[in-house]
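Geometric and topological summary
Below, each chain spelled out in residue letters.
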Amino acid sequence: MRTDGHRRANQTPDTWSSLAAEIGSAFAVNGEFLRAMPWAGGHIHQTLLAEYEDGAAVRRYVLQKINRHVFRRPDQVMENIDRVLRHLAAKAERRGATYPLRLVPTRNGQPFFVDRRGEAWRVYEFVEGSVSYDVVPSPALAFEAARAFGAFLRDLADLPPPRLHETIPHFH
């Protein structure tokens, strides 16, 4: 297994589950913690997929530790993400739809949590049925990705001020 390209040799499935249970308890997730595993892919953040039993259903959540070497101000990153997702969700709702990506707030309503080690974590509802690619397998899929990105930019065109934070200075 790998997360962010590597798995630390001293981390076992029990370690991942213990960490996910600790972090997940700070967030407004539904259900009782069952287990967690590293979520492969991605190259920036440490990512875990956690499962919670909620009655007869199992709900899955993505827990991510924000890489402070890349994003030195997790508070600004999360303020940006929270603003963008709220804006997109409101637009989708006005169209009678639901925006699929949802940030799970902490139990005290914040978009992220800082653990006892000083690491910043965020949680998203897992988007069931979603697929991601490291390499686009066909021109048709590349076209659909471009169309989705265009719709994303269109829906953000009227994001009200203030400007989003520049989270990696001089990157773009």
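Residues numbered from 1 in each chain as written. Predicted model: local features only at pLDDT ≥ 70, side-chain atom pairs only at ≥ 80, totals over all residues. Heavy atoms only, no water.

1. Remarks on the overall build of the protein chain
From N to C terminus, the protein chain includes three helices and six strands. The order of helices and strands in the protein chain, counted from the N terminus, is α-β-β-β-α-β-β-β-α. Whereas a compact globule of 172 residues would reach a radius of gyration of roughly 16 Å, the protein chain reaches 17 Å, a difference of no more than 12%. Judged by the C-alpha coordinates and their principal axes, the protein chain covers about 45 × 40 × 35 Å. Within the protein chain, contacts between residues separated by at least 24 positions form 58% of all contacts whose residues are at least 6 apart in sequence. Of the roughly 11,100 Å² of accessible surface on the protein chain, 55% is carried by carbon and sulfur atoms. (Helix = DSSP H or I, 4+ residues; strand = E, 2+ residues; numbered from the N terminus. Rg over C-alpha atoms; globule rule 2.2 N^0.38 Å. Contact = heavy atoms within 4.5 Å. Areas by Shrake-Rupley, 256 points an atom, 1.4 Å probe, with all protein chains shown as cover.)

2. Some remarks on the packing of helix H2 (residues 74–94) against helix H3 (residues 139–156)
The contact between H2 and H3 brings their axes to 10 Å, and the two run at 95°. In this view, H2 runs roughly perpendicular relative to H3, as classed from their interaxial angle. Counting all contacts with H2, which are made through Val84, His87, Leu88 and Lys91, the residues of H3 involved are Phe152, Arg154, Asp155 and Leu156. Partitioned by chemical class, the residues of the contact of H2 with H3 number four nonpolar, one polar and three charged. (Axes fitted to C-alpha atoms, helices over the stretch in contact; angles between N-to-C directions. Parallel < 35°, antiparallel > 145°, perpendicular 65-115°, else oblique. Nonpolar A, V, L, I, M, F, W, Y, C, P; charged D, E, K, R; others polar.)

3. Re the environment of Glu128
Relative to the elements of secondary structure, Glu128 occurs in the loop between strand S6 (120–125) and H3. Expressed as a C-alpha distance, the spacing of Glu128 and Arg95, which sit 33 residues apart in the sequence, is 22 Å. One polar contact links Glu128 to Arg60, side chain to side chain, over a distance of 2.8 Å. (Polar contact = N/O pair within 3.5 Å; in protein donor to acceptor, adjacent residues only side chain to side chain.)

4. Considering the confidence of the model for the protein chain
Mean pLDDT over the protein chain works out to 89, with 90% of the residues at or above the 70 mark. Confidence over residues 1–10 falls short of pLDDT 50; this stretch has 27 contacts with residues more than four positions distant or in other chains. (pLDDT = per-residue confidence, 0-100.)

5. Digging into the nonpolar core
Across soluble globular proteins, you tend to see nonpolar side chains buried next to one another. Counting 16 residues, the largest nonpolar core has Phe27, Val29, Leu48, Tyr61, Leu63, Trp121 and Val123 as the members making the most contacts within it. Of all the secondary-structure elements, those providing two or more residues to this core are helix H1 (13–24), strand S2 (46–54), strand S3 (57–65) and S6. If one sorts the elements of this core by residue count, H1 sits on top with four residues. Among residues more than four places away in sequence, those in contact with Trp121 are Leu19, Ile23, Phe27, Gln46, Leu48, Leu63, Gln64, Lys65, Phe112, Phe113 and Asp115. Residues Leu49, Met78, Leu103 and Tyr124 belong to the second largest nonpolar core, which totals 13 residues. (Core = buried A, V, L, I, M, F, W, Y, C linked by side-chain atoms within 4.5 Å. Buried < 20%, exposed > 50% of the residue type's maximum accessible area, 1.4 Å probe, protein only.)

6. Overview of the side chain of Gln76
Following the sequence through the fold, Gln76 ends up in helix H2. Non-local contacts of Gln76, meaning those with residues more than four positions away in its chain, are made with His165, Glu166 and Thr167.

7. So, the layout of surface pockets
The computed volume of the largest pocket comes to approximately 1,900 Å³. Considering the residues around the largest pocket, the lining is formed by 43 residues, among which Gln64, Leu101, Tyr124, Val131 and Ser132 are closest to the centre. Put simply, the parts of the chain that give the lining of the largest pocket at least two residues each are S3, H2, S6 and H3. If one sorts the elements of the lining of the largest pocket by residue count, H3 sits on top with eight residues. The residue inventory of the lining of the largest pocket, partitioned by class, reads 25 nonpolar, 10 polar and eight charged. (1 Å grid on protein atoms, 1.4 Å probe; cavity = no way out; pocket = protein on both sides within 12 Å on 5 of 7 lines; lining within 4 Å. Points joined across faces, edges and corners; volume = space filled by probe spheres on them.)

8. Quick look at a nonpolar patch on the surface
On the surface, a nonpolar cluster with roughly 280 Å² of combined accessible area is contributed by Phe149, Phe152 and Leu153. With respect to the secondary-structure elements, Leu153 resides in helix H3. (Patch = residues over 30% accessible without salt bridge, like charges linked within 9 Å, V, L, I, M, F, W, Y side chains within 5 Å. Salt bridge = Lys/Arg side-chain N within 4 Å of Asp/Glu carboxyl O.)

9. Brief notes about the packing of aromatic side chains
Throughout the structure, instances matching the rule amount to five aromatic pairs. Ring plane angle 75° and centroid distance 6.3 Å describe the contact between Phe27 and Phe113, whose orientation is recorded as edge-to-face. Residue Phe27 is found in the loop between H1 and strand S1 (32–38), and its partner Phe113 is found in strand S5 (residues 113–114); the two are separated by 86 residues along the sequence. Accessibility expressed as a relative area gives 25% for Phe113, which makes it partly exposed. Judged by centre distance (5.4 Å) and plane angle (85°), the ring pair of Tyr52 and Tyr61 falls under edge-to-face. On the accessibility criterion, Tyr61 (3% relative accessible area) is buried. (Phe/Tyr/Trp six-rings, centres within 6.5 Å; stacked < 30°, edge-to-face > 60°.)

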